[in-house]
Amino acid sequence: MACVRGRLRWAAAAAVLVLSGAGCGTEPVPPEYYPTTEGANTQAGQIKIRNVSILGPAPTAAAAAGSSASVYFSLINAGRVEDTLVQVGAEGVATSVSMSQPEVRVPPLGLVWVGTGPYTVTLHGLERPLTVGQYVTLRMRFKQAGEVTVRGVPVQSAAVASSLPNPSVSAPSPSPSPTPTASPTPSPTPSSVLSPSPTS
């Protein structure tokens, strides 16, 4: 039932964004890009930070202290100027945080997934065991929007990863149009040979 409520809540949020985008003349983010699981949400300037979660262990297990855990979230740029995520911090949660790319560029009116696809964020050296249902606090810093604290980040089951979208899988390219076969050049029609006029 909680999952159903979560899906309905995200569907409603997607509808609001689409309607608001249509009303102000901006290009709205397609609703199919919205996550179907719940996480922490906040905003830094024009950057909407959505569905921040930590992928933890199995529901009955714990991610041991000293181990690693993945973070996933989406970034939506509601403005017309590109911004860039340059750092993620997890003080009191992990000893260090690594990003698969030095920067995560978020284009104007665009959406970028972090945690699936080319951009990943990993917590290293957990300072305490993490179990599903716990909440932690993370920090993010953007070039334009500055620093923001993300509170109430849930630890979710690692099984959630199998249901996340994977933007790195590109759509198949269209089949190339067949090269037209050249029509054979017709043979020239033989000109009629005039018979010499009979001499009288």
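Cut-offs used in this document
Residues numbered from 1 in each chain as written. Predicted model: local features only at pLDDT ≥ 70, side-chain atom pairs only at ≥ 80, totals over all residues. Heavy atoms only, no water. Helix = DSSP H or I, 4+ residues; strand = E, 2+ residues; numbered from the N terminus. Buried < 20%, exposed > 50% of the residue type's maximum accessible area, 1.4 Å probe, protein only. Contact = heavy atoms within 4.5 Å. Areas by Shrake-Rupley, 256 points an atom, 1.4 Å probe, with all protein chains shown as cover. Salt bridge = Lys/Arg side-chain N within 4 Å of Asp/Glu carboxyl O. Pairing = 2+ DSSP bridges. Core = buried A, V, L, I, M, F, W, Y, C linked by side-chain atoms within 4.5 Å. Polar contact = N/O pair within 3.5 Å; in protein donor to acceptor, adjacent residues only side chain to side chain. pLDDT = per-residue confidence, 0-100.

Caption draft 1: A look at the overall build of the protein. Across its full length, the protein holds one helix and 12 strands. Listing every helix and strand of the protein by position from the N terminus yields α-β-β-β-β-β-β-β-β-β-β-β-β. Expressed as a percentage of the 200 residues in the protein, the buried residues total 34%. Within the protein, contacts between residues separated by at least 24 positions form 67% of all contacts whose residues are at least 6 apart in sequence. Of the roughly 11,800 Å² that the protein leaves accessible, carbon and sulfur atoms contribute 57%.

Caption draft 2: The arrangement of unusual backbone geometry in detail. Although it is not a glycine, Asn-51 sits at a positive phi angle of roughly 60°. Relative to the assigned elements, Asn-51 resides in strand β2 (residues 47–55). Classification of Asn-51 by relative accessible area gives buried; the value is 0%. Notably, Leu-109 is not glycine yet its phi reads approximately 55°, a positive angle. Note that Leu-109 resides in the loop between β7 (104–106) and β8 (111–114).

Caption draft 3: Main features of the pattern of salt bridges. Taken as a whole, this structure holds four salt bridges when the rule is applied. Across the pair Arg-105 and Glu-82 runs a salt bridge, and its minimum N-O distance is 3.1 Å. Taken together, the residues span a long stretch of sequence, with Arg-105 in strand β7 and Glu-82 in the loop between β4 (69–77) and β5 (83–89) at a distance of 23 residues. Residue Glu-82 is classed as partly exposed on the basis of its relative accessible area of 30%. Taking the shortest distance from any N to any O, the salt bridge between Arg-139 and Glu-147 comes out at 3.7 Å.

Caption draft 4: Inspection of the pairing of strand β1 (residues 40–44) at higher detail. Summarising the sheet, β1 and β2 pair through four bridges and their orientation is antiparallel. Following the sheet pairing, Thr-42 is matched in β2 by Ile-49. Two successive antiparallel strands, β1 and β2, enclose a turn made up of two residues, where Gly-45 displays a positive phi of approximately 60°.

Caption draft 5: Structural context of the environment of Gly-110. Among the secondary structure elements, Gly-110 is positioned in the loop between β7 and β8. You can call Gly-110 buried: its relative accessible area is 11%. Measuring from C-alpha to C-alpha, the distance between Gly-110 and Arg-80 comes to 9.3 Å, with 30 residues separating the pair along the chain. If near-sequence neighbours (up to four positions away) are discounted, Gly-110 is found in contact with Leu-75, Ile-76 and Asn-77.

Caption draft 6: Quick peek at the nonpolar core. Residues Val-52, Ile-54, Phe-73, Leu-75, Leu-123, Met-140 and Phe-142 are the most contacted members of the largest nonpolar core, which totals 32 residues. Leave out the neighbours within four places in its chain, and Leu-123 touches Ile-54, Ser-67, Ser-68, Ala-69, Val-71, Ala-90, Val-93, Ala-94, Ser-96, Val-97 and Leu-138.

Caption draft 7: Region of interest: the side chain of Arg-139. Position of Arg-139 relative to the elements: it lies in strand β11 (residues 135–142). When its relative accessible area of 14% is taken as the criterion, Arg-139 is described as buried. At 2.5 Å, the side chain of Arg-139 forms a polar contact with the side chain of Glu-91. When sequence neighbours within four positions are dropped, the list of residues in contact with Arg-139 reads Gln-87, Val-88, Gly-89, Glu-91, Glu-147 and Val-148.

Caption draft 8: Examining the environment of Gln-87 more closely. Its location among the elements puts Gln-87 in strand β5. Under the relative-accessibility criterion, Gln-87 is labelled partly exposed at 31%. Taking the C-alpha atoms as reference points, Gln-87 and Arg-141, 54 residues apart in sequence, are found 5.2 Å from one another. Residue contacts for Gln-87: discarding those within four places in its chain leaves Met-99, Arg-139, Met-140 and Arg-141.

Caption draft 9: How the structure looks around the confidence of the model for the protein. The predicted model of the protein averages 76 in pLDDT, with 64% of residues at 70 or higher. This model gives residues 168–181 a pLDDT under 50, and the stretch forms two contacts once residues within four places in sequence are excluded. Predicted confidence for residues 189–200 stays below pLDDT 50, and this span has zero contacts to residues more than four positions away or in other chains.

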